[in-house]
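# Close look at the chain arrangement
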Amino acid sequence: MRRLTAKQGNDMSKAIRIDGKAMAAELSAKITEETAALLQDHGLVPGLAVVIIGEDPASQVYVRNKKRTAEACGFHSVQHSLAEESSQEDVLALIDQLNNDESIHGILVQLPLPDQLDEQTVTQAVAPHKDVDGFHFINIGKLTSGNTADAFVPCTPAGCMVMIEQHLGKDLSGKNAVVIGRSNIVGKPMASLLLQENATVTITHSRTKDLPDVVRQADIVVAAVGRPNMVGGDWIKPGAVVIDVGINRIEVTVDGEPKSKLTGDIDYDAVCEVAAAATPVPGGVGPMTIVMLMSNTLRAARLASGLSVD
Ligand code: GUN
């Protein structure tokens, strides 16, 4: 089933380029419309608070994009930038304040955190009903037990799922899915989502034996390891759908000049020779992650007011 109106990849490739940027723009327009209707019908404006601690340049870029997208959707959008040396007490006090702020429906604390802060304590301090990252144990438990009616699903795997479903349909019965990477943010929730749609799921990681052989069994591959271009074309089963979550900055030489460029975990051109469809980096999973955050925030606002959600 080829439902995407995505552009083809480069001239040599057989695969469809899954255009995450275009899909995200479409979804974002829908969320903007729904947000306007929410204001008109219920006087409700979804509020998103993004907390960033320290100066990590990549995190600064992600947070700026999240804030910008929230504003474009018509949300009440606030950013709290705390100093690198902030104490755990400072961070927990801010989260407590946001948990109790009725104008805020979603709270996101950008990761990674500076070393003096305990990631688990911080992520678990966010009220589960405002946890638009889906990192709270309550939301993880709801996802893994299949009770997603009022759960929040982590944004990156949720975005990957939308891209997979648009290409293969919702029911993944009979499909083998291989997730490369077992992080709490991507690998594990991704596996839960795929399993929920009836895929047969394998989670692989750095200790997996014969990884390329395992990946070659997959109709769906999700690569989330953070190793530039690791997945080669010879790892891919012909006709597979390949989702690249990696965002790696590498140094390349262009016209004799050193340049830095973003690349994913898959060797995109080689994979496109074999796969049915693949996501590029940049322009694939990244924009979808941001729009899923908006979707979760709108959902949080509706749930907080007792309104129906999908
Ligand atoms: N850092 C990288 N990805 C994420 C994410 O999805 N949420 C948060 N809070 N931080 C991140």
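Our structure is the block above this text.
Predicted, not measured: the structure shown is a model, and the values here were computed from it. (Residues numbered from 1 in each chain as written. Predicted model: local features only at pLDDT ≥ 70, side-chain atom pairs only at ≥ 80, totals over all residues. Heavy atoms only, no water.)

## Overview of helix α7 (residues 187-196)
- Among the 10 residues that make up α7, seven are buried, leaving the element largely enclosed by the rest of the structure.
- Along α7, the positions that sit buried rather than exposed are Gly187, Pro189, Met190, Ala191, Ser192, Leu193 and Leu194.
- Check the buried side of α7 and you find it contacts α5 (137-144), α6 (155-168), β5 (176-180), β6 (200-204) and β7 (220-223).
- Positioned one or two residues after α7, Asn198 has a phi angle of 80°, which is positive. (Buried < 20%, exposed > 50% of the residue type's maximum accessible area, 1.4 Å probe, protein only. Helix = DSSP H or I, 4+ residues; strand = E, 2+ residues; numbered from the N terminus. Contact = heavy atoms within 4.5 Å.)

## With respect to the side chain of Asp19
- With respect to the element layout, Asp19 can be found in the loop between β1 (16-17) and α1 (20-42).
- From its side chain, Asp19 meets the backbone nitrogen of Lys21 in a polar contact 3.2 Å long.
- Among the polar contacts made by the side chain of Asp19, one reaches the main-chain amide nitrogen of Ala22 at a distance of 3.1 Å. (Polar contact = N/O pair within 3.5 Å; in protein donor to acceptor, adjacent residues only side chain to side chain.)

## Looking at the sheet that holds strand β4 (residues 106-109)
- Strand order in the open sheet formed by three strands is β3-β2-β4, and the pairing between neighbours is parallel. This sheet does not close on itself; its edge strands, each paired only once, are β3 (76-82) and β4. Neighbouring strand axes in the sheet, compared pairwise and without regard to direction, differ in orientation by 15° on average.
- As paired strands, strand β2 (residues 47-53) and β3 are joined by seven bridges and run parallel to one another. Following the sheet pairing, Val50 is matched in β3 by Gln79.
- Along the sheet, helix α10 (residues 285-304) makes contact with β2 and β4, crossing β2 at roughly 130°. (Pairing = 2+ DSSP bridges. Axes fitted to C-alpha atoms, helices over the stretch in contact; angles between N-to-C directions.)

## Observations regarding the site of the ligand
- As a structural note, the neighbourhood of the ligand is formed by Leu108, Val109, Gln110, Leu111, Asp133 and Phe135.
- Measuring from a nitrogen atom of the ligand, one finds a backbone N or O atom of Val109 at 2.8 Å.
- A distance of 2.6 Å is found between a nitrogen atom of the ligand and a side-chain nitrogen or oxygen belonging to Asp133. (Near = heavy atom within 4 Å.)

## Re the pattern of salt bridges
- In this structure the tally under the stated criterion is seven salt bridges.
- Between Lys170 and Glu197 there is a salt bridge; the shortest N-O distance is 3.2 Å. Here Glu197 lies in the loop between α7 and β6 and Lys170 lies in the loop between α6 and β5, a separation of 27 residues in the sequence.
- The exposure class assigned to Lys170 is exposed, which follows from its relative accessible area of 51%.
- Given a relative accessible area of 15%, Glu197 falls into the buried group. (Salt bridge = Lys/Arg side-chain N within 4 Å of Asp/Glu carboxyl O.)

## Brief notes about the environment of Gln120
- Structurally, Gln120 can be placed in helix α4 (residues 119-125).
- Take Gln120: its relative accessible area is 47%, and that puts it in the partly exposed class.
- Spatially, the C-alpha atoms of Gln120 and Phe137 are 9.8 Å apart, while their sequence positions differ by 17 residues.

## Comments concerning the environment of Ile220
- One can find Ile220 in strand β7.
- Taking the relative accessible area as the measure of exposure, Ile220 reaches 0% and is therefore buried.
- In sequence terms Ile220 and Val241 are 21 residues apart; their C-alpha atoms lie 4.9 Å from each other.
- Once you skip the residues sitting within four places of it in the chain, Ile220 turns out to touch Ile164, Leu168, Leu172, Lys175, Asn176, Ala177, Val178, Leu194 and Val241.

## Focus on a nonpolar patch on the surface
- Together, Val61, Tyr62 and Ile247 line one region of the surface with nonpolar side chains, adding up to about 240 Å² of accessible area.
- Along the polypeptide, Val61 turns up in helix α2 (residues 57-72). (Patch = residues over 30% accessible without salt bridge, like charges linked within 9 Å, V, L, I, M, F, W, Y side chains within 5 Å. Areas by Shrake-Rupley, 256 points an atom, 1.4 Å probe, with all protein chains shown as cover.)

## Regarding the sheet that holds β1
- The six strands lie next to each other as β1-β11-β8-β7-β5-β6, forming an open sheet whose pairing is parallel. In this open sheet, the two edge strands, each paired with only one partner strand, are β1 and β6.
- By the bridge criterion, five bridges tie β5 to β6 in an arrangement that is parallel. For Val178, the partnering residue across the bridge sits in β6 and is Thr202.
- Along the sheet face, α6 touches β1, β7, β8 (241-244) and β11 (277-278) and points at about 160° away from the line of β8.

Any functional reading would require information beyond the geometric quantities listed.
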